[in-house]
Number of protein chains: 2
Amino acid sequence: MCQLLAMNCNTPTDICFSFTGFQARGGRTDVHQDGWGIAFFEGRGVRVFLDAQASAHSPIAELVRQYPIKSKTVVAHIRKATQGIVALENTHPFMRELWGRYWIFAHNGNLVNFEPELDGTFLPVGDTDSEKVFCYIMQELRLRHGDQMPNNEALFATIAELTLHIGQCGEFNFLFSNDQVLMVHASTNLTYIIRKAPFATAHLKDQDMSVDFTHVTTSTDKVAVIATTPLTENESWTRLEPGTLCLFAEGDLQASVKTIAGPAEKIK
Amino acid sequence: MCQLLAMNCNTPTDICFSFTGFQARGGRTDVHQDGWGIAFFEGRGVRVFLDAQASAHSPIAELVRQYPIKSKTVVAHIRKATQGIVALENTHPFMRELWGRYWIFAHNGNLVNFEPELDGTFLPVGDTDSEKVFCYIMQELRLRHGDQMPNNEALFATIAELTLHIGQCGEFNFLFSNDQVLMVHASTNLTYIIRKAPFATAHLKDQDMSVDFTHVTTSTDKVAVIATTPLTENESWTRLEPGTLCLFAEGDLQASVKTIAGPAEKIK
């Protein structure tokens, strides 16, 4: 399996603190050592750093940990391979362009017997179930919405519908983002915290490191951090109920829907 | 304007030496300080490092200079903005996926009145002429070759035909690569060198640095380096005649065609 980390803010913020704890789980405090990657949106542009080696021992991860890149949306992943060899082309997050925007996807889980028909508009380069499902999602977005990017509400509804369908094939925790919104699906494990004023001091679980957020924020800052398991030990993280798709924007949880089908749990 | 750097080899090789000279031109020995980027193919995967600040002062460029990433094909660019603001989304090289392969493009020049009809399969995220022409090339490749990636010969013929057409709109030096081949077009300035046994010592133009290639190669290695102007001062670089499209693979110049239309200069 793998672990996921994401951040969504209302002002460009660096992720050095959270990444320090997350990085350690890639081969030091945990077993996810089959590669790692991180994507930073900056305006409409995006930077993706990838490495097929363990984040705990990667010089590129060291740079990311120390270099404060300011971003409103970040998506990161550390890999424990299930499908696909350990190789750069199988390293998350994956990126594609649609409607003149970049889209980023990272997945934790395992989809079995998931063989969608891909029409060639988006095709996987590597051989993971994760990249395949990302290509399928992108294809369906284009098919259903045509040449115009839908608004966030319509986008969210389509992703919820697709998630309901795909989730039947197995564990499907994911992070999906463009330069404006971050969608997060908890199939089994995902937690989040929204930091805002009054800010306090946080201490990492995986490294002996603290930060006093009052020194690095302004009173209007809002920062949502999402991770497979909590990254800090003295803050209150909220566990997302399995089968929940969330939309984060401007550092807030703006919408959520159930993604487990059932008589009383229709998608709203 | 901008400057280009590429490498194509028959065995994975690092670009630290060449990049050291090239990096200096982004704000120290030359004026190309409006961002830089570099793409490394590793197997079918690709890593792209981008920064909207000058390469001479970029911590990410420092990492790239010092960290020997082994690759058979590398494409790099330092930018002096002509069209499009200084921003990450306007920073070369650009990447798209087609036929389950990644494609990388970097451009030096300026295309005027180039307004191709884009059907939406590939759209620019930023606002440069360079990304627009890349999207047009990708669209035309898909339109002309359908769902199957053509062989390298057919691919080269299509790129030559497109270059002949696009080149009429202005200066169009470019680097275009997938994980197997590198295509290089000299519209005005491009030079190259192929290093192979017997190897010698080379000294950079832009930094006081030498390397004795006999210590870091084997007798069968072939390394083609392409740059806007020569990077070393004691080697013999070949200037590509303006209006030449070349195909490099396995460290060799494998094909070239004229891209200036005329009665005696038909594309072969």
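From a predicted model like this one, the values you see are computed outputs, not experimental measurements.

The rules behind each value
The residue count restarts for each chain, going from 1 along the sequence in the order it is written. Think of it this way: whatever chain is written first is A, whatever ligand is written first is 1, and the rest follow in order. A pLDDT threshold of at least 70 governs which residues receive local features in this predicted model, and a stricter bar of 80 or more applies before side-chain atom pairs are shown or counted, although totals over entire chains, interfaces and linings include all residues. Computation of side-chain values covers all heavy atoms of the structure but excludes hydrogens and water. Definitions used for this entry: grid spacing 1 Å over protein atoms alone; cavity, a set of points where a 1.4 Å probe fits but cannot get out; pocket, an open set with protein on both sides within 12 Å along at least 5 of 7 lines; lining residue, one with an atom within 4 Å of a point. Grid points are joined across faces, edges and corners, and a volume is the space filled by probe spheres set on the points. Put simply, DSSP H or I for four residues or longer makes a helix, DSSP E for two residues or longer makes a strand, and each gets a number counted from the N terminus. Side-chain classes follow a simple rule in which Ala, Val, Leu, Ile, Met, Phe, Trp, Tyr, Cys and Pro form the nonpolar group, Asp, Glu, Lys and Arg form the charged group, and the remainder, Gly included, forms the polar group. Two strands qualify as a pair provided DSSP detects at least 2 bridges between them. Note on geometry: axes are lines fitted to C-alpha atoms, helical ones only across the stretch in contact, with angles between N-to-C directions running from 0 to 180 degrees. Whether two residues touch is decided by their heavy atoms; if any such pair falls within 4.5 Å, the residues are in contact. Buried area: the accessible surface (1.4 Å probe) lost by two parts on joining, summed over both. Salt bridges are defined by distance alone: a side-chain nitrogen of Lys or Arg within 4 Å of a carboxyl oxygen of Asp or Glu. Pairs of N or O atoms within 3.5 Å make up the polar contacts considered here, provided that, within protein, one atom can donate a hydrogen while the other can accept it, and that residues adjacent in sequence are counted only when both atoms are side-chain atoms. Only residues with pLDDT of at least 70 in both copies count here: their C-alpha atoms drive the least-squares fit that superposes the copies. Should an angle fall under 35 degrees it is taken as roughly parallel, and over 145 as roughly antiparallel, whereas 65 to 115 is taken as roughly perpendicular and any remaining angle as oblique. Note on convention: near helix rotated counterclockwise from far helix by under a right angle means a left-handed crossing. Clockwise means right-handed. Using a 1.4 Å probe on the protein chains alone, a residue whose accessible area is under 20% of its type maximum counts as buried, one over 50% counts as exposed, and one in between counts as partly exposed. UniProt positions are given in the numbering used here, feature names are shortened, and annotations may be inferred rather than shown by experiment.

Asker: What is the right way to look at empty space enclosed by the protein in this model?
Answerer: Any space left empty among the atoms is revealed by the rolling of a water-sized probe across them. The final tally for this structure, using the stated rule, is five cavities of 30 Å³ or more. Taken together, 24 residues line the largest cavity, and the ones lying closest to its centre are Val46(A), Val48(A), Met95(A), Val48(B) and Met95(B). The set of elements that each furnish at least two residues to the lining of the largest cavity consists of strand E3 (45-51) and strand E5 (94-98) of chain A together with strand E3 (45-51) and strand E5 (94-98) of chain B. Classifying every residue of the lining of the largest cavity gives 16 nonpolar, four polar and four charged. Approximately 100 Å³ is the volume attributed to the second largest cavity. Lining the second largest cavity are Met95(A), Arg96(A), Glu97(A), Tyr102(A), Thr121(A), Phe122(A), Met95(B), Arg96(B), Glu97(B), Thr121(B) and Phe122(B). Of all the elements in the fold, those that place two or more residues in the lining of the second largest cavity are E5 of chain A together with E5 of chain B. Considering only residue class, the lining of the second largest cavity consists of five nonpolar, two polar and four charged.

Asker: Explanation requested: the sheet that holds strand E6 (residues 101-111) of chain B in the structure shown.
Answerer: The strands making up a sheet are joined through hydrogen bonds of the backbone, oriented either antiparallel or parallel. All names here are of chain B. Ordered in space as E5-E6-E7-E8-E14-E15, the six strands form an open sheet in which the pairing is antiparallel. The sheet is open, and its two edges are formed by E5 and strand E15 (252-258), each paired on a single side. Here the strands of the sheet are splayed against their neighbours by 25 degrees on average, with no regard to which way each runs. Looking at chain direction, strand E8 (residues 182-186) and strand E14 (residues 244-249) are connected through five bridges and run antiparallel. Pairing of leucine 182 across the sheet is with phenylalanine 248, part of E14.

Asker: Please explain the interface of chain A and chain B as it appears in this structure.
Answerer: Think of interface size as the accessible area that goes away when the parts come together; that is how it is often given. Listed per partner, the contact involves 34 residues of chain A and 34 residues of chain B. Each partner contributes to the roughly 2700 Å² buried at the junction of chain A and chain B, and carbon and sulfur atoms together form 57% of this total. It is Leu88(A), Glu97(A) and Val125(A) that lose the most area in chain A upon contact with chain B, and together they represent 21% of the buried surface on that side. A salt bridge links Arg96(A) to Glu97(B); the nearest nitrogen and oxygen atoms lie 3.1 Å apart. The interface formed by chain A and chain B contains 14 residue pairs in polar contact (both at pLDDT 80 or more). Of all elements in the fold, only E3, helix H2 (59-66), E5, strand E6 (101-111) and helix H3 (129-145) of chain A reach the threshold of two or more residues within the side of chain A that touches chain B. With seven residues, the single largest contributor to the side of chain A that touches chain B is E3(A). In the side of chain A that touches chain B, the residues fall into 17 nonpolar, five polar and 12 charged.

Asker: How should the relation of the copies chain A and chain B be read in this particular structure?
Answerer: Between the two chain copies there is a screw-like relation: a rotation about an axis and a shift along it. Laying chain A over chain B is done by rotating through 180 degrees and shifting 0.0 Å along the axis; what remains is an RMSD of 0.0 Å. Here the transformation between the copies is reduced to the relation of a two-fold axis. Both copies present the same face, since 100% of the interface residues in chain A are matched by interface residues at the equivalent positions in chain B.

Asker: I'm lost on the packing of H2(A) against helix H2 (residues 59-66) of chain B in this one. Help?
Answerer: Packed helix pairs are specified by the crossing angle of their axes together with the interaxial distance, meaning the distance between the axes. Contact geometry of H2(A) with H2(B) gives a least axis separation of 11 Å together with a crossing angle of 165 degrees. As the angle between them shows, H2(A) and H2(B) are arranged roughly antiparallel. Seen along the crossing, H2(A) lies across H2(B) with a hand that is right-handed. Contacts from Pro59(A), Ile60(A) and Leu63(A) of H2(A) reach H2(B) at Pro59(B), Ile60(B) and Leu63(B). Of the residues belonging to the contact of H2(A) with H2(B), the class tally is six nonpolar, no polar and no charged.

Asker: Just checking my understanding: could you explain the environment of Val225(B) for this structure?
Answerer: All names here are of chain B. Along the chain, valine 225 turns up in strand E12 (residues 222-227). C-alpha separation for the pair valine 225 and methionine 7, spaced 218 residues apart in sequence, amounts to 4.5 Å. Discounting residues that sit within four places of it in the chain, valine 225 has contacts with Leu5, Ala6, Met7, Ser18, Thr191, Tyr192, Ile193, Arg195, Leu231 and Trp237.

Asker: Help me out: how do you make sense of helix H1 (residues 16-24) of chain A in this one?
Answerer: Structurally, the α-helix is built with 3.6 residues per turn, so residues lying three or four positions apart point the same way. With respect to burial, H1(A) is a largely interior element, nine of its nine residues being buried. Taken as a whole, H1(A) has its buried residues at Cys16(A), Phe17(A), Ser18(A), Phe19(A), Thr20(A), Gly21(A), Phe22(A), Gln23(A) and Ala24(A).

Asker: Explain the sheet that holds strand E8 (residues 182-186) of chain A to me, please; I cannot follow it from the model alone.
Answerer: Residue and element names in this part refer to chain A. Here six strands make up an open sheet; going across it, the order is E5-E6-E7-E8-E14-E15 and the pairing antiparallel. Of all the strands in the sheet, just E5 and strand E15 (252-258) have a single pairing partner and so form its edges. Going across the sheet, the axis of each strand differs from the next one's by a mean of 25 degrees, ignoring polarity. The sheet contacts of H3 involve E5, E6 and strand E7 (170-177), and relative to E6 the element is tilted by about 135 degrees.

Asker: Would you take a moment to explain the UniProt feature "domain: Glutamine amidotransferase type-2" (unreviewed entry) in chain A for this structure?
Answerer: UniProt records the feature "domain: Glutamine amidotransferase type-2" (unreviewed entry) at residues 2-251 of chain A, using the numbering of this structure. In residues 2-251 of chain A, the share of helix is 20% and the share of strand is 35%. The end C-alpha atoms are 24 Å apart.

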